[in-house]
Amino acid sequence: MKKFVKILSVILCMVMAFTFTSCSNEKSAPPVEPEDFRVTAYVVCGDGLDESTFDPSNLDKVTDIIVFGSVTFDENGEMTVSENMQNDLDILRKHMNGQDLYLNILGPSAQTDSSDWNDQMHDLADRHTKAFESGVLENNIKSVLEEFNFDGVVFDYEFPLRKKDWKAFDKFILSLDSVLGNDFEIGMSMVGWNLKQSKEAMNATDFFEVMSYDLWDDNGNHATFDIAKDDIETFLKKGYEGYKLDLGLPFYARPTTKDAYWYDYKNYYDKFDENGLYSDDETGLTFSFNTYDMISEKTQYALDSGVGGVMIWHYACDVPADNSASLFKAIDDAKQQAIKNDN
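Here we take up helix α8 (residues 292-305). When the terminal C-alpha atoms of α8 are compared, their 20 Å separation across 14 residues agrees well with the 20 Å that a helix rising 1.5 Å per residue should span. For α8, the full list of buried residues reads Ile295, Lys298, Thr299, Tyr301, Ala302 and Leu303. Here the buried face of α8 lies against α7 (225-237), β8 (245-250), β13 (309-313) and α9 (327-342). Residue Gly306 follows α8 closely and has a positive phi angle near 80 degrees.

Structure, rendered in structure tokens:
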């Protein structure tokens, strides 16, 4: 009997140790303090920034900036830098105040004639994989980051569907991490419905922008609170560390029919109803915006759930800071209130 009890005791200890270890892995980092809460904004620079029209008034509410549309890489791992890059960075840095600056790089586009979405994604993945396996992309990325004094690189790879596509991407990220070392960070924009990243690549990536938009509920409402909550919960259940996650917030609308239209918040902020819906007579479509209250609610959820921050697509879609309807104001008010409550 004593032998049986001893064996049972050992088994129970092993189970408890395994359970404790599993829980520890899921909660390996404490929740982010409100004062460390990130507000990351994409700044689209593909056509070059115009200093006469660029509005820097909301930059003081941003902690991290991702420059988008300025650099691409081809199937051979060679990179092309926009001729406007230095001018764009000069404009941004003139108004920056200690924000981290990241470079988003886009890979080759799909070249297939097929109209099938899966065929397009497979072709896209094949071309990306060729670049990832070129053996030169890692050092080319590092050279551009060094030349223009960026803090890191961000990938927006939509979407590796097959297991082999993820395997190639994971292998590349691990290789890139070894090349960049501690000098630069690696970020990714990702969707909750396609999380097939390996644990090793997950650990090698410093932060994740959760693209919780271009998604609809059953009634056609775009990027609802429930969708955002489900996305964050999905990432956490997959083992992603909360402090690495930024909840994506759309500063634009999509039609309830999911048609390929995008409407900037700044042009319609005073036209939609209390539910964020705007009926466009020209197209006959109803557009679904995230309202000031919705952005505030999502930010509060991100703060309460202990994730690293929020991410905005994209900076230029908001109204100026002196407008009481500013979505950046909604974010900052929630953040400042959390800081006050924490103290």
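Having put the structure on the table, let's press on.
Position of Trp193 among the secondary structure elements: in the loop between β6 (185-190) and α6 (199-204). With a relative accessible area of 46%, Trp193 lands in the partly exposed category. Between the C-alpha atom of Trp193 and that of Lys266, which follows or precedes it by 73 residues, the distance is 30 Å. Setting aside its immediate chain neighbours within four residues, Trp193 contacts Trp117, Phe159, Leu161 and Leu215.

This brings us to the environment of Lys130. Relative to the helices and strands, Lys130 is located in helix α3 (residues 117-132). Residues Lys130 and Gly284 lie 154 residues apart in sequence; the distance between their C-alpha atoms is 43 Å. Residues within four places of Lys130 in sequence aside, it is in contact with Glu75 and Asn76.

Next up on the list: the sheet that holds strand β9 (residues 252-255). The four strands lie next to each other as β10-β9-β12-β11, forming an open sheet whose pairing is antiparallel. With partners counted over all chains shown, the strands left at the sheet margins are β10 (263-264) and β11 (277-280), one partner each. Note that β9 and β10 share two bridges and pair antiparallel. Within β10, the position partnered with Tyr252 by the bridge is Asp264.

Time to look at the side chain of His314. Within the secondary structure, His314 is located in the loop between β13 and α9. Overall, His314 belongs to the buried group, its relative accessible area being 16%. Setting aside anything within four residues of it in sequence, one finds His314 in contact with Tyr42, Val44 and Phe251.

Turning our eyes to something else, we now look at α9. When the terminal C-alpha atoms of α9 are compared, their 23 Å separation across 16 residues agrees well with the 22 Å that a helix rising 1.5 Å per residue should span. Buried within α9 are the following residues: Leu327, Phe328, Ala330, Ile331, Ala334, Lys335, Ala338 and Ile339. With its buried residues spanning 165 degrees around the axis, α9 presents them on a single face. For α9, the elements touching its buried residues are β1 (38-44), β8, α8 and β13. The N-capping residue of α9, defined by a side-chain oxygen 3.3 Å from the backbone nitrogen of Phe328, is Ser326.

For β13, a buried count of four out of five residues is recorded, marking the element as mostly surrounded by other parts of the structure. Two strands pair when backbone bridges link them, and β1 and β13 are joined in this way by four bridges, in the parallel orientation. Bridged to Arg38 within β13 is Gly309.

With that out of the way, let us pick up the pattern of salt bridges. It is possible for side chains of opposite charge to pair when their charged atoms get near one another. Inspection of the entire model under this criterion finds 12 salt bridges. Arg127 is paired through a salt bridge with Glu75; the nearest N and O atoms lie 2.5 Å apart. Placement of Arg127 in helix α3 and of Glu75 in the loop between β2 (64-73) and β3 (79-81) is noted, with a sequence separation of 52 residues between them. Glu75 sits in the partly exposed class, given a relative accessible area of 24%. Ionic pairing is found between Arg127 and Asp123, a salt bridge with its closest N-O pair at 2.8 Å. You can see Arg127 and its partner Asp123 sitting in helix α3, four residues apart, about one turn around the helix. Across this residue pair, the class does not change: Arg127 and Asp123 are buried. If you follow the salt bridges from partner to partner, you end up with Glu75, Asp123 and Arg127 in one network.

A separate point is the packing of aromatic side chains. In total, this model carries 30 aromatic pairs according to the counting rule given. Measuring from centroid to centroid gives 5.9 Å for Tyr265 and Phe272, while their planes differ by 45 degrees, and the two rings are tilted. Like Phe272, Tyr265 is buried. Linked through ring pairs, Tyr261, Tyr263, Tyr265, Tyr268, Tyr269, Phe272, Tyr278, Phe287 and Phe289 together constitute an aromatic cluster.

We now examine the pairing of β11. Burial along β11 is one-sided: Tyr278 and Asp280 are buried, and none of Leu277 and Ser279, which face the opposite way, are. Remark: four residues form the turn of the hairpin made by β11 and strand β12 (residues 285-288), two consecutive strands paired antiparallel; Gly284 in that turn has positive phi of roughly 75 degrees.

Conventions adopted
Residues numbered from 1 in each chain as written. Predicted model: local features only at pLDDT ≥ 70, side-chain atom pairs only at ≥ 80, totals over all residues. Heavy atoms only, no water. Helix = DSSP H or I, 4+ residues; strand = E, 2+ residues; numbered from the N terminus. Expected span 1.5 Å × (residues − 1). Buried < 20%, exposed > 50% of the residue type's maximum accessible area, 1.4 Å probe, protein only. Contact = heavy atoms within 4.5 Å. Pairing = 2+ DSSP bridges. Arc of directions from axis to C-beta. Polar contact = N/O pair within 3.5 Å; in protein donor to acceptor, adjacent residues only side chain to side chain. Salt bridge = Lys/Arg side-chain N within 4 Å of Asp/Glu carboxyl O. Phe/Tyr/Trp six-rings, centres within 6.5 Å; stacked < 30°, edge-to-face > 60°.

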